[in-house]
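# Structure assessment
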Amino acid sequence: MDLISSIPKVDKLLAAPVCQQLLAEYPRPVVVAAVRKQMEELRSVARAGSLTAADLEPDAVGAGIERNLAAGELSSLRRVVNGTGVVLHTNLGRSSLAPRLHKHLADIAFGYSTLEYDVATGERGSRYEHVEQLICRLTGAEAALVVNNNAAAVLLVLSAIAAGREVVVSRGELVEIGGSFRIPDVMMQGGALLKEVGTTNRTHAKDYRDAITDQTAMLLKVHCSNFAVVGFTAGVTVAELAALGRECGVPVVADIGSGNLMDWQGMPGMTEPRVQEYLAAGADLVTFSGDKLMGGPQAGIIAGRAEVVNPLKKHPLLRALRVDKLTLAALEGTLRLYRDERLAWAEIPTLRLLRLTAAELKKKGQQVVRRLRRQLPASLVIELIPGVSQVGGGALPLTELPTWLTAIRSDVCSARELEAGLRRQTVPVIGRIARGDFLLDLRTVADDDWPAVVEGLRALSADSGEQ
Ligand SMILES: *Cc1c(COP(=O)(O)O)cnc(C)c1O
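### Examining the nonpolar core
If you look at the biggest cluster of nonpolar residues, it comprises 77 residues, and the most contacted ones within it are M270, V286, L335, Y338 and V391. The residues that make up this core include at least three from each of domain 2 (81-91 + 354-463) and domain 3 (99-347). Beyond its immediate chain neighbours, meaning those up to four positions away, V286 contacts A254, I256, V275, Y278, L279, I301, I302 and A303. Counting 32 residues, the second largest nonpolar core, distinct from the first, contains V147, M187, A192 and I302.

### What about the site of the ligand?
If you check the shell around the ligand, you find R94, N149, N150, A151, I177, F181, H223, S225, D255, G257, S289 and K292 and nothing else. The contact in question runs from an oxygen atom of the ligand to an N or O atom on the side chain of N149, over 3.3 Å. A distance of 2.7 Å is found between an oxygen atom of the ligand and a side-chain nitrogen or oxygen belonging to S289. Summarising the interface, the protein chains cover 94% of the accessible area of the ligand, which totals 380 Å² for the free molecule. With respect to the pocket detection grid, the ligand is positioned in the largest pocket. At the level of elements, α8 (150-162) and β11 (252-257) are the ones that each hand at least two residues to the shell around the ligand. Of the residues in the shell around the ligand, the class split is 3 nonpolar, 6 polar and 3 charged.

### Some remarks on unusual backbone geometry
Non-glycine residue R94 carries a positive phi angle of around 50 degrees. Residue position: R94 is located in the loop between β2 (86-88) and α6 (102-109). Overall, R94 belongs to the partly exposed group, its relative accessible area being 21%. A positive phi angle, close to 50 degrees, is found at S225, a residue other than glycine. Along the chain, the position of S225 falls in the loop between β10 (216-222) and α11 (238-248). Its relative accessible area of 5% is what places S225 among the buried residues.

### Quick notes on empty space enclosed by the protein
Within this structure, the stated rule accounts for 1 cavity of 30 Å³ or more. For the lining of the largest cavity, the secondary-structure elements that each account for two or more residues are α8 and β11. Ranked by the residues each element gives to the lining of the largest cavity, the list is headed by α8, at 3 residues. Residues belonging to the lining of the largest cavity are distributed by class as follows: 5 nonpolar, 1 polar and 1 charged.

### Details of the packing of helix α4 (residues 28-47) against helix α5 (residues 58-73)
To characterise two packed helices, one gives the angle between the axes of the helices and the distance between these axes. Packing of α4 against α5 brings their axes to within 8 Å, and their N-to-C directions diverge by 120 degrees. With respect to α5, the axis of α4 lies oblique. Relative to α5, α4 is oriented so that their crossing is right-handed. Contacts from V30, V31, A34, V35, K37, Q38, E41 and L42 of α4 reach α5 at V61, G64, I65, N68, L69 and E73. Tallied by class, residues from the contact of α4 with α5 come to 8 nonpolar, 3 polar and 3 charged.

### Points about the sheet that holds strand β14 (residues 380-392)
Pairing is mixed in the open sheet, where 5 strands are placed in the order β2-β14-β15-β18-β17. Two strands close off the open sheet at either side, each with one partner strand: β2 and β17 (432-434). Between one strand axis and the next, the sheet turns by 40 degrees as a mean value, whatever way the strands run. In this structure, β14 lies alongside strand β15 (residues 401-410), joined through 10 bridges in antiparallel fashion.

### What about the sheet that holds strand β12 (residues 285-289)?
What the 7 strands build is an open sheet, ordered β5-β13-β12-β11-β10-β6-β9; its pairing is mixed. The sheet terminates laterally at β5 (143-147) and β9 (193-197), the two strands that pair on one side only. Each strand axis lies, on average, 25 degrees off the axis of its neighbour in the sheet, ignoring direction. Of the strands in this sheet, β5 and β13 (300-304) are in contact with helix α7 (residues 129-139), which crosses β5 at around 120 degrees. The sheet contacts of α8 involve β5, β6 (166-170), β10, β11, β12 and β13, and relative to β12 the element is tilted by about 155 degrees.

Reading guide: rules and limits
Residues numbered from 1 in each chain as written. Predicted model: local features only at pLDDT ≥ 70, side-chain atom pairs only at ≥ 80, totals over all residues. Heavy atoms only, no water. Core = buried A, V, L, I, M, F, W, Y, C linked by side-chain atoms within 4.5 Å. Buried < 20%, exposed > 50% of the residue type's maximum accessible area, 1.4 Å probe, protein only. Domains from an automatic or database assignment. Contact = heavy atoms within 4.5 Å. Near = heavy atom within 4 Å. Polar contact = N/O pair within 3.5 Å; in protein donor to acceptor, adjacent residues only side chain to side chain. Areas by Shrake-Rupley, 256 points an atom, 1.4 Å probe, with all protein chains shown as cover. 1 Å grid on protein atoms, 1.4 Å probe; cavity = no way out; pocket = protein on both sides within 12 Å on 5 of 7 lines; lining within 4 Å. Sits in = over half its atoms within 2 Å of the grid points. Helix = DSSP H or I, 4+ residues; strand = E, 2+ residues; numbered from the N terminus. Nonpolar A, V, L, I, M, F, W, Y, C, P; charged D, E, K, R; others polar. Points joined across faces, edges and corners; volume = space filled by probe spheres on them. Axes fitted to C-alpha atoms, helices over the stretch in contact; angles between N-to-C directions. Parallel < 35°, antiparallel > 145°, perpendicular 65-115°, else oblique. Left-handed = near helix turned anticlockwise from the far one by under 90°. Pairing = 2+ DSSP bridges.

The structure is reproduced here in structure tokens:
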């Protein structure tokens, strides 16, 4: 009880040398909050009956205040090391942008720009024009438009083209993408009436034909993204659907999800058709994400025939779904890299990571493991083992990319402790556990991520050693 009463008061703590030093560096409210937090912690330890005189030594209290302050100063949104091997990890931000866009993004972020200004005429310009020509050139579309994400693109297209009328979709394509994006729900939000055709596993051209009436606003094809139907299946190709649409005067729209622009040249599992193939097959309009296989910023891209795309540019909903200047800067920069395929493969991280071969990863892994063994305490056992990475982001769910992993085991803490400890570092390191090992996939851990891994593992080994 006397220990509780000897916990110093806020004013007294603020006058202590540690706090005086912190006050010179940080705003007063920030220091006061860190002091209050430390007092609360001490009181709760005291209530649990485990407060000792050592806890109240000025050095111990000061260290606690500094720790609280450091924790409070960390941004909530911050860099992490992705050791999961899931390249398009939606929870970890999907695609990383090409490093060479750095300067351009900073210029646009920290200054004024031509966002909606036409320097040639001195008049108002359109934010949508910065990327339209690039998208058209790369995909063969006549017109294009960019919104906040692919979910927004689908919503806009349905609202503008199909509100109050019917949209014909195969039953096997009524997908939930994750979060709360479900095709039937988006359809309802867009005011369109869903007309399901076919069955879960088989849909035929005749099913679509029979469903078309004078109330039909569009034939919609939705990419299955995060699942696959195997076995006794049948679907209708975009080309067949396009022929039917033309015959009946109904536009054919495809939500193609991941928006692949590249030819993966027979790389096993990378079987995703390209955006340009959907359009060449006759789709009137496609929508896709900017941050999945395209490897750009979060965005929803709408591309297709001018007659179908252009009216969307005047829809009132567009203002609510519009992209900001940073997205546009990142998107234009990414799309420009695609003008030269070699440059795209080399510079766009998503493409580069997906294309890394097992042999390349093994070679990199051998170097990494050698270095880790040198830099880390002997209580850590580090091995290189084969495994599989995933594409992620709801793209190519069955594709297994052969990879190599560092498997880490500690004499002093369990794999669960390693996993939890590393994820709580200043730069969180996210990995997984299998058969008692903590695993980091070499595909997604960048070269300059390893120092954060080393720092984390050292800190954990030291903490555990003390106990
Ligand atoms: C991922 C995906 C979406 C959602 O795209 P976001 O860009 O995440 O909004 C919609 N439809 C399909 C088919 C998808 O794969």
